[in-house]
Every structure is written in C-alpha cells, then in structure tokens.
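# Survey of secondary and tertiary structure
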Amino acid sequence: MWVLLAAVVLAVGFGSYRALTDGHFRGTHRVRGATSPPTRTDDGVWPRVAGAFPSAALGERATLVQFSSAFCAPCRTTRRVLAGIAESEPGVVHVEIDAELHLEIVRHLGILRTPTTLLLGPAGQELGRAGGVPSRDQVLRVLSGC
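Residues numbered from 1 in each chain as written. Predicted model: local features only at pLDDT ≥ 70, side-chain atom pairs only at ≥ 80, totals over all residues. Heavy atoms only, no water.

### Brief notes about the state of the cysteines
With the rule as written, the count across this model stands at one disulfide. Each sulfur in the disulfide pair C72 and C75 lies 2.2 Å from the other. Measuring handedness by torsion sign, the sulfur bridge of C72 and C75 sits at about 90° and is right-handed. (Disulfide = S-S within 2.5 Å.)

Below is the structure:
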C-alpha cells in the first residue's frame, strides 16, 4: 500500500512540475553534452539553421525556431501556435526543424526534447528557449520585449 501511495505522490508531483514549466520561455543555459554552450551571445545558432535550410531567412524582429519530430503530437500544436503568430506579427518568422533529420544541430544546441522552441533575435542570437507547447499568450509576451 505504501509503495502505491508513494508512486501516486511522485506522479502527481512530477505532473504538477511539468504543468508549471512546460512551454515557458527561459533564458539560455549550459546543457551537459552540448558541443558549445548556447548563450545570449552565441552566434552559432543561426548559421547552423541557415546551413540546413538555405531558403530560411531571419525575421526582422524575431525568429521562432521549432525542433519537432514525426511522432510528436505536441509538436503539431506548437506548429499551429507559432505559425499563427508568425502570420499575424510583423517581422516574426517561424522555422521548423525535424530533430531526427538534423541530429548535428540538435546535439550542438543541446536540444533534449521535442517540441523545443528557440527565440532568436534579429541578429540570429538565441534569446530564450521553451520546452513543451507554449501558449499563444506566452509567445506574444516574450515577443513584446523584442
């Protein structure tokens, strides 16, 4: 009985933590195993994205780079949210990257899960990242500072 109770308490605690943190943009951080630390001054983000997608262009105001995978259901929701924002907000561009096909970029940037969204500034520097599905309001709040 105690084992079952402990398992339920742990599951509820973990679920609560994920509900509070998923989709929220945070500043960049050092990820163990990443080949270079993603920082606010890291200029290695956009050149790698542009190398994989030569037709992609930086937004005048901001670029939302989404890392997705084919089997990821939350990735479809994230795609709809970010694409809708890119259409309605001037100077904002949405770029989606299949994490399975671009493992070098994923490893370099320390992407640990899908969906992960990177917010890039006008010069292509990483300003923040969100793991999970961000809400439209969360993304617009972050973009208001750009």
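### Some details on the environment of A52
With respect to the secondary-structure elements, A52 resides in helix α2 (residues 45-52). With 50 residues separating them along the chain, A52 and H102 place their C-alpha atoms 7.8 Å apart. When residues no more than four places from it in sequence are discounted, the contact partners of A52 are H102 and I105. (Helix = DSSP H or I, 4+ residues; strand = E, 2+ residues; numbered from the N terminus. Contact = heavy atoms within 4.5 Å.)

### Some words on the pattern of salt bridges
Inspection of the entire model under this criterion finds four salt bridges. Here R61 makes a salt bridge to E89, at a shortest N to O gap of 3.1 Å. One end of the pair, R61, is in the loop between α2 and β1 (62-68); the other, E89, is in the loop between α3 (73-88) and β2 (92-98), with 28 residues separating them in the sequence. The residue E126 makes a salt bridge to R129 at a minimum N-O spacing of 2.9 Å. We classify E126 as buried; its relative accessible area is 0%. Exposure remark for R129: the relative accessible area of 6% places this residue in the buried category. (Salt bridge = Lys/Arg side-chain N within 4 Å of Asp/Glu carboxyl O. Buried < 20%, exposed > 50% of the residue type's maximum accessible area, 1.4 Å probe, protein only.)

### Quick notes on the side chain of Q138
Looking at the secondary structure, you find Q138 in helix α5 (residues 136-143). Sequence-distant contacts of Q138, that is, excluding residues within four places in its chain, are made with G23, H24 and V133.

### Some remarks on the nonpolar core
In terms of nonpolar packing, the biggest core is built from 14 residues, with V65, F67, L109 and L118 touching the most fellow members. With near-sequence residues (within four places) excluded, V65 lies in contact with V49, V95, I97, T116, T117, L118 and L120. Residues A62, L64, I85 and A130 belong to the second largest nonpolar core, which totals 11 residues. (Core = buried A, V, L, I, M, F, W, Y, C linked by side-chain atoms within 4.5 Å.)

### Comments concerning the pairing of β1
Most of β1 sits out of view: seven of its seven residues are buried. Burial of β1 is two-sided: the residues A62, L64, Q66 and S68 facing one way and the residues T63, V65 and F67 facing the other way are all buried. Note that β1 and β2 share seven bridges and pair parallel. By the bridge assignment, V65 is partnered in β2 with V95. For the handedness criterion, the β-α-β arrangement of β1, α3 and β2 is classed as right-handed. Sheet analysis places β1 next to strand β3 (residues 116-120), joined by five bridges and oriented antiparallel. Each bridged residue has a counterpart across the sheet, and for F67 the counterpart in β3 is T116. (Pairing = 2+ DSSP bridges. Right-handed = clockwise from strand over helix to strand, strands pointing away.)

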